[in-house]
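Overview (structure and organization)
Okay, here's what each chain looks like letter by letter:
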Amino acid sequence: METDSGDRYRRLAPLYDGLTAPFLWSVRSDIRRIVQECGYRTVLDVCCGTGRMAMMLHGSGFSVSAVDLSPSMLARARKNSPPGIRYFLEDAARLHFQTASFDCAIISFALHEMNPSKRMHVLAETSRVTRKGGAIIVADYIRPRGMLANGFRAVVNIVERIAGKDHHANYVTFVREGGLEPLAAGLGMKLTVRRRAFMDNAAVMVIEANGTPRTLI
Ligand SMILES: C[S@@+](CC[C@H](N)C(=O)[O-])C[C@H]1O[C@@H](n2cnc3c(N)ncnc32)[C@H](O)[C@@H]1O
């Protein structure tokens, strides 16, 4: 568990919803649509932040658990949520859930801010707790292609800089290396892009869970 001084979102937490809601609403609605279409029941929101995705899914009748490493983000999630969502303060690279506990897991705009090793572990651990036949839904940045996308990347770049030096450095590496697609391929995961967002700077992607427990040392 991180100490308060190690909480990288302590300052951002009170502003997070106001800053991101206009951009993330449609992405979250897309994710909910995918979960509904697939007929899943139990969902884990990995790196849930202030819990907005978890609340949306809970409001649509899903059984939702959610984890985050930031006490201040999680405090806001707990404060604003109706009863029934199970929140846990823990590292997504070491989840306490049993293997194949959930139909579906979501990781929204969190992998890009982690260092490459952490990203692999979080993805592998998320795969472990998702049952065979389920899915991992990831929303995150992709490598922009085309003039418009590259123009909008300047805006994304400013936002990521505000989030801090390490966060920004990890974002730059993530996008330079091609985002989630090579990462998933390296773990032998099959990925489909379902929708592009932020003028082709981000996407909602679905990874088929194959039920193989993945342990990385
Ligand atoms: C940009 S926010 C995204 C929050 C939310 N998923 C959303 O889409 O609004 C990234 C979140 O990932 C969390 N996070 C980063 N590394 C984590 C880790 N190793 N384990 C759990 N949460 C983590 C941060 O605390 C933060 O709340």
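Quick look at the structure, then. (Residues numbered from 1 in each chain as written. Predicted model: local features only at pLDDT ≥ 70, side-chain atom pairs only at ≥ 80, totals over all residues. Heavy atoms only, no water.)

**Description of the site of the ligand**
Quick note on the threshold: If even one non-hydrogen atom of a residue comes within 4 Å of a molecule or strand, that residue is called near it. In protein, a polar contact means a hydrogen-donor-capable atom and an acceptor-capable atom, both N or O and within 3.5 Å, with residues adjacent in sequence counting only if both atoms are side-chain atoms; elsewhere, any N or O pair within 3.5 Å suffices. For the area figures, the Shrake-Rupley method with a 1.4 Å probe applies, and any residue is considered shielded solely by the protein chains shown. Helix and strand assignments follow DSSP, with helices taken as H or I runs no shorter than four residues and strands as E runs no shorter than two, numbered in order from the N terminus. Nonpolar residues are Ala, Val, Leu, Ile, Met, Phe, Trp, Tyr, Cys and Pro. Charged residues are Asp, Glu, Lys and Arg, and all others, Gly as well, are polar.
Near the ligand lie 20 residues; those nearest to it are Tyr16, Cys47, Asp68, Ala92 and Ser108. Within the backbone of leucine 69, a nitrogen or oxygen atom sits 3.1 Å from a nitrogen atom of the ligand. With respect to the ligand, the side chain of serine 108 contributes an N or O atom lying 2.7 Å from an oxygen atom. Isolated, the ligand exposes 590 Å² of accessible area, and the fraction of that covered by the protein chains is 94%. Counting residues per element, the shell around the ligand draws most heavily on helix α1 (residues 13-38), which supplies three residues. Class assignment for the residues of the shell around the ligand results in 11 nonpolar, three polar and six charged.

**What about helix α4 (residues 116-129)?**
Note the cut-off: A helix is expected to reach a length of 1.5 Å times the quantity of its residues less one. Relative accessibility thresholds used throughout: buried, under 20% of the residue-type maximum; exposed, over 50%; partly exposed, between the two (1.4 Å probe, protein chains only). Contacts are residue-level and defined by heavy atoms, with any inter-residue pair within 4.5 Å sufficient.
In this model α4 runs 21 Å from its N-terminal to its C-terminal C-alpha over 14 residues, within 8% of the 20 Å that 1.5 Å per residue would give. Those residues of α4 that fall on the buried side of the exposure criterion are Arg119, Val122, Leu123, Ala124, Glu125, Thr126, Ser127, Arg128 and Val129. The inward-facing, buried residues of α4 abut β1 (42-46), β4 (102-108), β5 (130-141), α6 (165-176), α7 (180-186) and β7 (202-208).

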